[in-house]
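# Architecture at a glance
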Amino acid sequence: TWFTHQEILHELINKVAMRGTACFVEVVLLRSWVSSRQFIRPAASWAMGRWRRVLLTNDDGYASPALLNLREALEKGGKVETTVVAPNSNQSACGQRLTLAGRMDLTSHCEIGERVYSITGSPSDCAILALDPGGIVHDPPPTLVVSGINLGSNMSHDVLYSGTFAGARQAAMLGYPAIATSLTGSDFSEKCLAVAVDATMSITNRLLELLPVHPENPSRKELKRQPHNMYSNSSECEDINMAVFHAFRCGDIVLNVNTPCKWSGNFQCTSLAAIAYRDTVQRDNHEMWLGEVCVELLKENSKSSDVLVTAAGDCSITTLQTWPESHPFRVPDFLLEAARIQGPNGLPAWMSEVAASVSSEQADVQWRQSSDAGYFLIFVFVIAEKTLSGMFFLLQRR
């Protein structure tokens with residue numbers, strides 16, 4: 001046989017759907033000297049279902065059940081393709097460490113599923129190797145980056161140590177919208193994992209409805225300040241909710257989610273609590289280590305702080321700055337406060353406020369793009385078929 005590579009056909013259809021093409025693609029399969037036609041419909045169904053791509057990472061490792069359960073939930077509807085790029089071993093509390101002293105090994109784990117990779121590095125390494133130009137999922141870039149679900153909470157100043165939050169923050173620094181998500185407590189049973197997956201999916205699904213298919217400035221190819229970086233006060237901002245949404249789209253703010261095992265089903269927008277760890281140092285002869293600790297809470301902590309909210313059974317959503325103090329891309333304080341305003345469903349108010357306008361605008365743009373791409377592909381396939389048919393005719397004449 002001459003052309004029997006159906007795997008190439010399937011890859012082509014995946015690429016077509018990935019680009020958002022809404023059309024019925026007529027594909028010519030050539031077997032020996034005979035051409036047969038098949039009408040391939042996945043491209044149309046996927047594209048019209050607003051197909052999305054999500055990058056998953058964590059600090060517990062690629063085989064973490066929480067990560068894999070979230071991956072399964074995201075792909076269940078058939079409208080989201082996930083790619084896992086996670087450490088090959090536990091990297092908890094590694095912060096935003098980068099591996100600069102040597103090379104890192106990349107391994108594909110086909111035994112788990114398609115597009116599951118591990119790297120001998122930190123979560124920040126994973127985000128860079130996945131998203132940087134020439135990276136694993138850079139072309140086409142993902143719609144959203146999710147770091148987690150972490151086995152254990154990431155609240156208060158623990159976000160500074162957290163590899164989970166670092167993975168999301170590194171993706172945001174590269175210009176991608178990102179969230180970090182964690183299961184609080186020490187009960188990591190299947191029941192509790194399912195609770196954390198449900199809470200994370202509620203937030204993720206809402207974000208995927210709002211976000212454009214591709215980031216506005218992936219890898220920050222254009223190194224420039226955005227309008228939301230330059231506001232000095234709220235009077236200069238015509239639409240605060242849209243400005244917050246744009247800051248999230250560009251990666252200048254990150255969402256940090258913490259879900260208790262006994263989740264009430266409610267969400268709350270929170271701030272970071274103030275805590276202190278006591279009696280951390282343990283000794284045995286010449287050895288020292290950090291052992292079990294006593295946690296002290298600041299009495300003046302707000303009732304809407306992440307530690308108190310999760311203790312009451314609600315899921316905490318904390319909006320945090322991506323950039324350090326005085327950085328040019330840092331979001332003004334009044335916008336950060338607006339990002340923490342809670343909507344009627346407990347999710348950030350800006351998600352609800354921008355939903356209608358963003359959804360209608362995206363639908364119109366997507367339809368125009370998909371129609372244009374559809375006509376172009378039909379033209380390409382017709383020309384290819386006619387050319388190959390002519391070649392076969394000449395070969396048969398010989």
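Residues numbered from 1 in each chain as written. Predicted model: local features only at pLDDT ≥ 70, side-chain atom pairs only at ≥ 80, totals over all residues. Heavy atoms only, no water.

### A short note on the packing of helix 3 (residues 65-75) against helix 6 (residues 190-210)
Inclusion rule: Helix axes are fitted to C-alpha atoms over the stretch in contact, other axes to C-alpha atoms as well, and angles between N-to-C directions run from 0 to 180 degrees. By the criteria applied, helices consist of DSSP H or I runs no shorter than four residues and strands consist of E runs no shorter than two, each listed in order from the N terminus. Angle categories: roughly parallel below 35 degrees, roughly antiparallel above 145, roughly perpendicular from 65 to 115, and oblique for all the rest. Take the far helix as the reference: if the near one is turned anticlockwise from it by less than a right angle, the crossing is left-handed, and if turned clockwise, right-handed. Residue contacts follow a heavy-atom distance rule, with two residues in contact if any of their heavy atoms lie within 4.5 Å. When residues are grouped by polarity, Ala, Val, Leu, Ile, Met, Phe, Trp, Tyr, Cys and Pro land in nonpolar, Asp, Glu, Lys and Arg in charged, and all others, Gly among them, in polar.
In the contact formed by helix 3 and helix 6, the axes pass within 10 Å of each other and the chain directions differ by 45 degrees. On the basis of the axis angle, helix 3 is oblique to helix 6. Here the hand of the crossing between helix 3 and helix 6 comes out right-handed. Listed contacts from helix 6 to Pro65, Ala66, Asn69, Leu70, Ala73 and Leu74 of helix 3 are Glu190, Leu193, Val197, Thr200, Met201 and Thr204. Class assignment of the residues belonging to the contact of helix 3 with helix 6 gives a composition of eight nonpolar, three polar and one charged.

### Section: the sheet that holds strand 8 (residues 178-183)
To keep it simple, the criterion reads: DSSP-based pairing: two strands are paired if at least 2 bridges between them are found.
In space, the nine strands of this open sheet follow the order 5-6-4-3-7-8-9-15-10, with mixed pairing throughout. Because the sheet does not close on itself, it has two edges, and the strands there are strand 5 (106-108) and strand 10 (267-270). Direction aside, the axes of adjacent strands within the sheet are offset by 25 degrees on average. Packed onto the sheet, helix 6 meets strand 3 (52-57), strand 4 (80-87), strand 7 (144-151), strand 8, strand 9 (253-259), strand 10 and strand 15 (315-321) and runs at close to 165 degrees relative to strand 7.

### A look at the packing of aromatic side chains
Applicable threshold: Centre distance within 6.5 Å is the pairing criterion for rings of Phe, Tyr and Trp, where only the six-membered ring of Trp is used; planes under 30 degrees apart are then read as stacked, over 60 as edge-to-face, and the remainder as tilted. With a 1.4 Å probe rolled over the protein chains alone, any residue whose accessible area is under 20% of its type maximum counts as buried; one over 50% counts as exposed, and the rest are partly exposed.
Here the structure, examined in full by the defined rule, presents four aromatic pairs. Both rings, one in Phe245 and one in Trp350, keep their centres 6.0 Å apart while their planes meet at 35 degrees; by these two values the pair is tilted. One end of the pair, Phe245, is in helix 8 (residues 240-249); the other, Trp350, is in helix 11 (residues 349-397), with 105 residues separating them in the sequence. For the residue pair Phe245 and Trp350, the accessibility class agrees, reading buried in each case. Here a set of aromatic residues connected by ring pairs shows up, and it is made of Phe245, Phe248 and Trp350.

### What to know about a nonpolar patch on the surface
Formally: Patch definition: residues with relative accessible area over 30% and no salt bridge; like charges joined within 9 Å; nonpolar side chains (Val, Leu, Ile, Met, Phe, Trp, Tyr) joined within 5 Å. The protein chains shown are the only cover counted for residues, whose accessible areas, like all others here, come from Shrake-Rupley with a 1.4 Å probe. Any Lys or Arg side-chain nitrogen located within 4 Å of an Asp or Glu carboxyl oxygen qualifies as a salt bridge.
A surface patch of nonpolar side chains, about 480 Å² in accessible area, is lined by Leu160, Tyr161, Tyr277, Val293 and Val295. Looking at the secondary structure, you find Tyr161 in the loop between strand 7 and helix 5 (163-173). Under the relative-accessibility criterion, Tyr161 is labelled partly exposed at 45%.

### Quick notes on the pattern of salt bridges
Scanning the entire structure with this criterion turns up eleven salt bridges. Of the charged contacts in the structure, one is a salt bridge between Arg53 and Glu81, with a shortest N-O distance of 3.0 Å. Residue Arg53 is found in strand 3, and its partner Glu81 is found in strand 4; the two are separated by 28 residues along the sequence. Overall, Glu81 belongs to the buried group, its relative accessible area being 10%. For the salt bridge of Glu337 with Arg340, the shortest nitrogen-to-oxygen distance reads 3.4 Å.

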